[in-house]
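Chain by chain, the residues run as shown.
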Amino acid sequence: MTHRLDDIIALFDGLFVDTYATRLVRGGDEPLYRPADADCPFHRVIFARGFYASALHEISHWCIAGERRRRLEDYGYWYLPDGRSAEQQRDFEAVEIAPQALEMLLSRACGHRFHVSVDNLGGDAAVDRGAFRARVEARAARYEREGLPHRAAALCVTLHGYYRRGLAREQAVAAGRAQLSAGVPAAAPL
């Protein structure tokens, strides 16, 4: 299965430009979320270096962010780059469980391989990737039982329709918009 950036961008934009004034944008070295401002009339979910997995990860953060957070650059969160201490790494992992669980489900919906990211290659802290993955998987299972956040549910329907069911982009977006209009959490269509 081919995962082209043009497709994920078109699917995301087709679902969210008119409904949330938000676009998915290919970026440079670092991902970033930028709310609309005087220079740009739409919000931007900017993913890193043209990586498909980065697009899914940044979308996951956007799907969790509430209305107030979506008015702030990078949702108002802190980010410490590689080189985190053990305590900083624990804090990082705690806030990354939910978005990575959503990323896992979005990846499944489109048939893309998912890898957890502990994102501390240069740090002194010992990282237990297996334990972190287990926590991410447990959160993903909880989403599947209890339902996905509203925007994530609609995007899962869209991705599943396009990648798994073979719908045309427009049809997949229409299916996602129907889910968005329903306004209820839904299980991931896997």
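Everything numeric here is computed off the predicted structure, so don't read it as measured data.

Analysis parameters
- Residues numbered from 1 in each chain as written.
- Predicted model: local features only at pLDDT ≥ 70, side-chain atom pairs only at ≥ 80, totals over all residues.
- Heavy atoms only, no water.
- Helix = DSSP H or I, 4+ residues; strand = E, 2+ residues; numbered from the N terminus.
- Rg over C-alpha atoms; globule rule 2.2 N^0.38 Å.
- Buried < 20%, exposed > 50% of the residue type's maximum accessible area, 1.4 Å probe, protein only.
- Contact = heavy atoms within 4.5 Å.
- Areas by Shrake-Rupley, 256 points an atom, 1.4 Å probe, with all protein chains shown as cover.
- Lys, Arg positive; Asp, Glu negative; His and termini not counted.
- Charge placed at Lys NZ, Arg CZ, Asp CG, Glu CD.
- Salt bridge = Lys/Arg side-chain N within 4 Å of Asp/Glu carboxyl O.

**Here's the deal with the overall build of the protein**
Thinking step 1. Of the regular secondary structure elements, the protein holds six helices and three strands.
Thinking step 2. The linear arrangement of helices and strands in the protein, starting from the amino end, is α-β-β-β-α-α-α-α-α.
Thinking step 3. Here the protein has a C-alpha radius of gyration of 16 Å; the compact-globule value for 190 residues is 16 Å, and the two agree.
Thinking step 4. Taken along the three principal axes of its C-alpha coordinates, the protein extends 50 × 40 × 30 Å.
Thinking step 5. Residue burial in the protein is summarised as follows: out of 190 residues, 44% are buried.
Thinking step 6. For the protein, the share of sequence-separated contacts (at least 6 apart) that also reach a separation of at least 24 residues comes to 65%.
Thinking step 7. With an accessible surface of roughly 9500 Å², the protein has 49% of that area assigned to carbon and sulfur atoms.
Thinking step 8. The averaged location of the 25 negative side-chain charges in the protein is 5 Å from the averaged location of its 25 positive side-chain charges.

**Overview of unusual backbone geometry**
Thinking step 1. Although it is not a glycine, Arg-49 adopts a positive phi angle of roughly 50 degrees.
Thinking step 2. On the accessibility criterion, Arg-49 (45% relative accessible area) is partly exposed.
Thinking step 3. Unusually for a residue other than glycine, Tyr-75 sits at a positive phi of about 60 degrees.
Thinking step 4. Structurally, Tyr-75 is set in the loop between α2 (52–64) and α3 (86–110).

**What to know about the pattern of salt bridges**
Thinking step 1. One pass over the structure, following the stated rule, counts 12 salt bridges.
Thinking step 2. With a shortest N-O distance of 3.4 Å, Arg-177 and Asp-18 are connected by a salt bridge. With Arg-177 in helix α6 (residues 169–182) and Asp-18 in helix α1 (residues 5–20), the pair connects residues that are 159 residues apart, well separated along the chain.
Thinking step 3. The closest approach of N and O atoms between Arg-142 and Glu-146, which form a salt bridge, is 3.2 Å. Remark: Glu-146 and Arg-142 occur in helix α4 (residues 129–146); sequence separation between them is four residues, near one turn of the helix.
Thinking step 4. Exposure remark for Arg-142: the relative accessible area of 38% places this residue in the partly exposed category.
Thinking step 5. Look at Glu-146 and you get exposed, because its relative accessible area is 52%.

So, to be careful, I would describe these as geometric facts and stop short of saying anything about function.
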